[in-house]
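Here's the letter readout for the chains.
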Amino acid sequence: MEKKLHNFLKSNILNKYLLDETSIEETKDVEYFISNYPEAAKAYETLQDNLEIIAKAGAVDVPNNILKDILESLDEKNDTKVIQLVQKRKTPWYSIAASAAAVLFAATSFMLYQKNQNLNNENNIVIDEIFDLRSDIENNNSKLDELSRELLKLNNPDSKKYVFNGNERAKDLKTVAYINPVEKTSMIDVITLPQLPKEQHYEIWAELQDRMVNLGILDESDRKLKQIPYMEDALALSIKIGTSGDDTNENDTEVAEISLKDKD
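Along each chain, the written sequence defines residue order, and numbers are assigned to residues from 1. Residues qualify for local features only when their pLDDT is at least 70, as the model is predicted, and side-chain atom pairs are given and counted only at 80 or more; totals for whole chains, interfaces and linings, by contrast, use all residues. With hydrogens and water set aside, each side-chain value is computed from the structure's full complement of heavy atoms.

## Comments concerning the packing of aromatic side chains
Link 1 in the chain: Working definition: rings of Phe, Tyr and Trp (its six-membered ring) pair if their centres are within 6.5 Å, and the pair is stacked with planes under 30 degrees apart, edge-to-face with planes over 60 apart, and tilted otherwise. Taken as a whole and judged by the stated rule, the model has four aromatic pairs.
Link 2 in the chain: Taking 4.3 Å as the distance between ring centres and 10° as the angle between the ring planes, the aromatic pair formed by Phe 8 and Phe 33 counts as stacked. Here Phe 8 is found in helix 1 (residues 2-10), whereas its partner Phe 33 is found in helix 3 (residues 24-36), with 25 residues between them in sequence.
Link 3 in the chain: Residue class for Phe 8 comes out buried when judged on its relative accessible area of 7%.
Link 4 in the chain: For the ring pair Tyr 32 and Phe 33, a centre distance of 5.6 Å and an interplane angle of 85° mean the geometry is edge-to-face.
Link 5 in the chain: Judged by relative accessible area, which is 42%, Tyr 32 ranks as partly exposed.
Link 6 in the chain: Clustering of aromatic rings is evident, with ring pairs tying together Phe 8, Tyr 32, Phe 33 and Tyr 37.
Link 7 in the chain: For a ring to carry a charge above it, either NZ of a lysine or CZ of an arginine must fall within 6 Å of the ring centroid while also lying within 35 degrees of the normal to the ring plane. Geometry around Trp 205 places Lys 240 over its ring, the cationic atom sitting 5.5 Å from the centre. Here a strand is any run of E in DSSP of at least two residues, a helix any run of H or I of at least four, and the numbering for each starts at the N terminus. The classification of residues rests on relative accessible area computed with a 1.4 Å probe and restricted to protein chains. Under 20% of the type maximum is buried, over 50% is exposed, and intermediate values are partly exposed.

Written out as C-alpha cells, the structure reads:
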C-alpha cells in the first residue's frame, strides 16, 4: 500500500481534483486517499495553499496611466497618407485594446504556469524526502532489533562469559567470548588488539582432544559482536599470531588462552 500511496502523491491527480477535472472514479480515489492517509491530506492542503498564493501573486494591478495612454492615442488624429489613391485604414481602438489585453493575459498565464511547475517540483522533492526518511527509520529499527537479539543472547543465563587477557607478547590485548552450550552458539567481542606488522594477523583457535581448529581471523577494525563456529567438544580457546599465506599453526605465536572446562 505504501507503493500505491507513493505513486498517488507523485501523480498529477491532486492538481486535477483541485481544478475539478477528475472523472467520477478518479474523484473517489482521491477522496479515499485524503480520508485515509494523512500524507495525502497534507499534500492536498499544501496544494490548496499554493493555489491561493498563486492567485494572489497573479493579481497584477494594471497601472492607471496605461488605460489613459491608450484612450489618448485613440483620440489623436492620424495623418492621411495616399498611396496609389488608396487610403490607409485606421486601426480600430478595440483591436488595440484587445491586443494589449491578450499580451497581458499571456504574460500572466506564463508566470502562473512557471510558479505552478516550481511548486510541483518542490512538492515532489518533499515527498521523496519523506519516503527516504521512512526508509532510514526502518533500517535503524532493523539494526536496533538485531542488537536487541544479540543482547538477549549475552544476557541469557545459559551463556558463559570468558575474558581473554594478553600475555607478555600482547599485554594490551583484551577480548571477550560468550559461549552458550545449550543453544550451541559462540560469540566474540574484540575490545583491544595490539597492532601487528602488515603480514601478520590475530587468529582464534579451538583446542580439541586430538587437534587444533582455526575459527577465524580477529580484526580490531571490526569491533562488534561476531559469531564464531561453536565447537561442542572444545577444551580451550586461544588467540595466536598468524602469518598471511600460512594455513598451519606450527609457527603461530600464542598470546592469550582460556579454558572452557573451568565453568562447566
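We are not done yet, so read on.
## Some details on the pattern of salt bridges
Link 1 in the chain: Think of a salt bridge as a Lys or Arg side-chain nitrogen and an Asp or Glu carboxyl oxygen that are within 4 Å of each other. Applying the stated criterion across every chain, the model contains four salt bridges.
Link 2 in the chain: The salt bridge involving Glu 26 is made with Lys 16; its shortest N-O contact spans 3.4 Å. With a gap of 10 residues between them, Glu 26 in helix 3 and Lys 16 in helix 2 (residues 13-18) connect regions that are remote in the sequence.
Link 3 in the chain: The partner of Asp 210 in a salt bridge is Arg 211, with the nearest N and O atoms 3.3 Å apart.
Link 4 in the chain: Exposure remark for Asp 210: the relative accessible area of 63% places this residue in the exposed category.

## As for the sheet that holds strand 5 (residues 185-192)
Link 1 in the chain: The rule for pairing is simple: two strands pair if DSSP sees at least two bridges between them. Here we have four strands laid out as an open sheet, ordered 3-4-5-8, and antiparallel in their pairing. Each edge of the open sheet is held by one strand with a lone partner, namely strand 3 (160-165) and strand 8 (225-228). Taken over all neighbouring pairs, the strand axes of this sheet differ in orientation by 25° on average, direction set aside.
Link 2 in the chain: Alignment of strand 4 (residues 174-180) against strand 5, held across seven bridges, turns out to be antiparallel. When the bridges of strand 5 are listed, Ala 177 appears paired with Ile 188. The axes used here are C-alpha line fits, helices contributing only the stretch in contact, and every angle between their N-to-C directions lies in the interval 0 to 180 degrees.

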